[in-house]
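Listed below are the residues making up each chain.
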Amino acid sequence: MPGASRVPGARPASQKPENTVDDHRKLGRELDIFDSDPLIGAGLPFWLPEGAAARHEVEEYLRRLERRAGYQHVNSPVLGKREMYERSGHLAHFADDMFPPMRMSADDELMLRPSMCPHHALIYAARARSYRDLPVRIAELGPQYRAERSGVLGGLSRVRSIWLNDSHNFCALDQVGEEIAAILALMREAHRALGVVVDGFRVSLRDDSPKYAGYDAEWERSGALLVEALDGAGIDYVAAPGEAAFYGPKIDVQVIDAGGRELSLATVQVDFHQPAQFDLRYADASGGRQRPVMVHRSLVGSMERLFSHLIEVHGGAFPAWYAPVQLVVVPVGDDQAADAAALVRGCAAADLRAELLLDGSLGARIRQAAERKVPYVGVIGSKEAAAGEVALRLRDGRQLDPMPAAEALALIGDVVAARSHELVR
Ligand SMILES: [Zn+2]
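Predicted, not measured: the structure shown is a model, and the values here were computed from it.

1. Observations regarding helix 10 (residues 337-349)
Right, so step 1: Here helix 10 contains 13 residues, and its C-alpha end-to-end distance of 19 Å stays within 8% of the 18 Å for a straight helix at 1.5 Å per residue.
Right, so step 2: Buried residues belonging to helix 10 abut strand 16 (327-331), strand 17 (354-356), strand 18 (376-380), strand 19 (389-394) and helix 13 (405-417).
Right, so step 3: Downstream of helix 10 by one or two residues, Asp351 has phi in the positive range, about 65°.

2. A look at the confidence of the model for the protein
Right, so step 1: Summary statistics for the protein give a mean pLDDT of 92 and a share of 95% for residues scoring 70 or more.
Right, so step 2: Across residues 1-21 the pLDDT falls below 50, and counting only partners more than four positions away or on other chains, this stretch makes 36 contacts in the model.

3. So, the pairing of strand 11 (residues 250-256)
Right, so step 1: Most of strand 11 sits inside the fold, with seven of its seven residues counted as buried.
Right, so step 2: Burial of strand 11 is two-sided: the residues Lys250, Asp252, Gln254 and Ile256 facing one way and the residues Ile251, Val253 and Val255 facing the other way are all buried.
Right, so step 3: With five bridges connecting them, strand 9 (residues 200-205) and strand 11 associate as antiparallel partners. Counted as the bridge partner of Gly200 is Gln254 from strand 11.
Right, so step 4: Bridge analysis of strand 11 against strand 12 (residues 262-271) gives seven bridges, and the strand direction is antiparallel. Each residue of the ladder has a partner; that of Ile256, found in strand 12, is Glu262.
Right, so step 5: Counted between consecutive antiparallel strands, the loop separating strand 11 from strand 12 contains five residues, among which Gly260 sits at a positive phi close to 85°.

4. Section: the sheet that holds strand 16
Right, so step 1: Taken together, five strands build an open sheet; the order of strands is 17-16-18-19-20 and the sheet is mixed. Sheet topology places strand 17 and strand 20 (403-404) at the edges, where each strand pairs with a single neighbour.
Right, so step 2: In the packing of helix 11 (residues 362-371) onto the sheet, contacts are made with strand 16, strand 18 and strand 19, and the angle to strand 16 comes to roughly 180°.

5. Re the sheet that holds strand 15 (residues 293-298)
Two pairing modes exist for strands in a sheet, parallel and antiparallel, and in both the strands are linked by backbone hydrogen bonds.
Right, so step 1: Ordered by their spatial adjacency, eight strands build an open sheet running 3-7-8-15-12-11-9-10, and the pairing between neighbours is mixed. For this open sheet the edge positions go to strand 3 (72-73) and strand 10 (237-241), each flanked by a neighbour on one side alone.
Right, so step 2: Its contacts with the sheet put helix 2 (residues 49-68) on strand 3, strand 7 (136-145), strand 8 (161-171) and strand 15, and the angle it makes with strand 7 is roughly 160°.

6. Comments concerning the side chain of Gln336
Right, so step 1: Inspection of the secondary structure puts Gln336 in the loop between strand 16 and helix 10.
Right, so step 2: Exposure remark for Gln336: the relative accessible area of 8% places this residue in the buried category.
Right, so step 3: Apart from residues no more than four positions distant in its own chain, Gln336 is found in contact with Pro331, Ile380, Gly381, Ser382 and Ala385.

Parameters at a glance
Residues numbered from 1 in each chain as written. Predicted model: local features only at pLDDT ≥ 70, side-chain atom pairs only at ≥ 80, totals over all residues. Heavy atoms only, no water. Helix = DSSP H or I, 4+ residues; strand = E, 2+ residues; numbered from the N terminus. Expected span 1.5 Å × (residues − 1). Contact = heavy atoms within 4.5 Å. pLDDT = per-residue confidence, 0-100. Buried < 20%, exposed > 50% of the residue type's maximum accessible area, 1.4 Å probe, protein only. Pairing = 2+ DSSP bridges. Axes fitted to C-alpha atoms, helices over the stretch in contact; angles between N-to-C directions.

This is the structure:
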């Protein structure tokens, strides 16, 4: 059966997300998340300060989550020599999606990377590895480039410059099943915290096309490992022939956009091909040399596509923990401006993102905060200022009784620390 009815947070494929009313392109511009300029180019959006604040919070969350799960983060260059992509198989199987090479001299051509896989394979190869080290999880939240045709580009969901939450987990063959299970669990945790609405899981397999590399036995083995991990986690899936990566089959986690189109967000892939191409090895218990399996995975896909989805499912009203501005402070009159400014400074010291709004009528400022989907508005009138208090208004319309400023910061801080989707715990 298609869909993923046994997965918490998932829903039947036929049903559109309730909040998916506005396209992320419209909301993203209205909320100052991102924009673009034809002079920079199609498919090359830029993130405005509000969007960048939300994105940085999410990136930091992902890095912390991965560190706790035993991942090691690296940084690798966005360019590489043509020979590297010949070796990895990208030029033979993926060249149509790559930008043309930059010719430095007759025997030196550089290419913008279409993926981080070969870089990470070479980082693995850069140090001697023992079976005791495995799995070695080399992670990077970094850029890669895809020469998408200009006709299909739009907003954040189809772009040419892609910042991917990526990792390559190098395992012994008998560790692969457990590793995929751990990845699926980590994915579920990240999706819950962010509010990703999974439409379903897809097992992407090869078809008869010559674009696929490797041997039949390896394809069968990889596909079986992915399916076993899904079955073990009680996750339903659909099979999709012809949607595999050129080097192996994959699990794709699908979401639906505002236009009803299906997009792949997260992924897990099993690859025997690239470890062979780069002659990757580890020393086994008896000192022999073994070849690791490479598990490619992304918990949430690219920052661009992730945010196109999050903007739509939340209608721009992000959970407080990654809202660009978490609290807008509005003094009722000029006499309370100093108290309001002190509250904003207190927020900054407590790692909360707050903003002081001074211009316009009280009603207009509160409306402005609502239009920007800011989770909390702190109103300080003469009574509150005299008592050292603030009256919180929540994004959902609720108004709390005035409370000491420290208590208000603790309330917001608790919601943020718990990554709650509620505004009061
Ligand atoms: Zn990869």
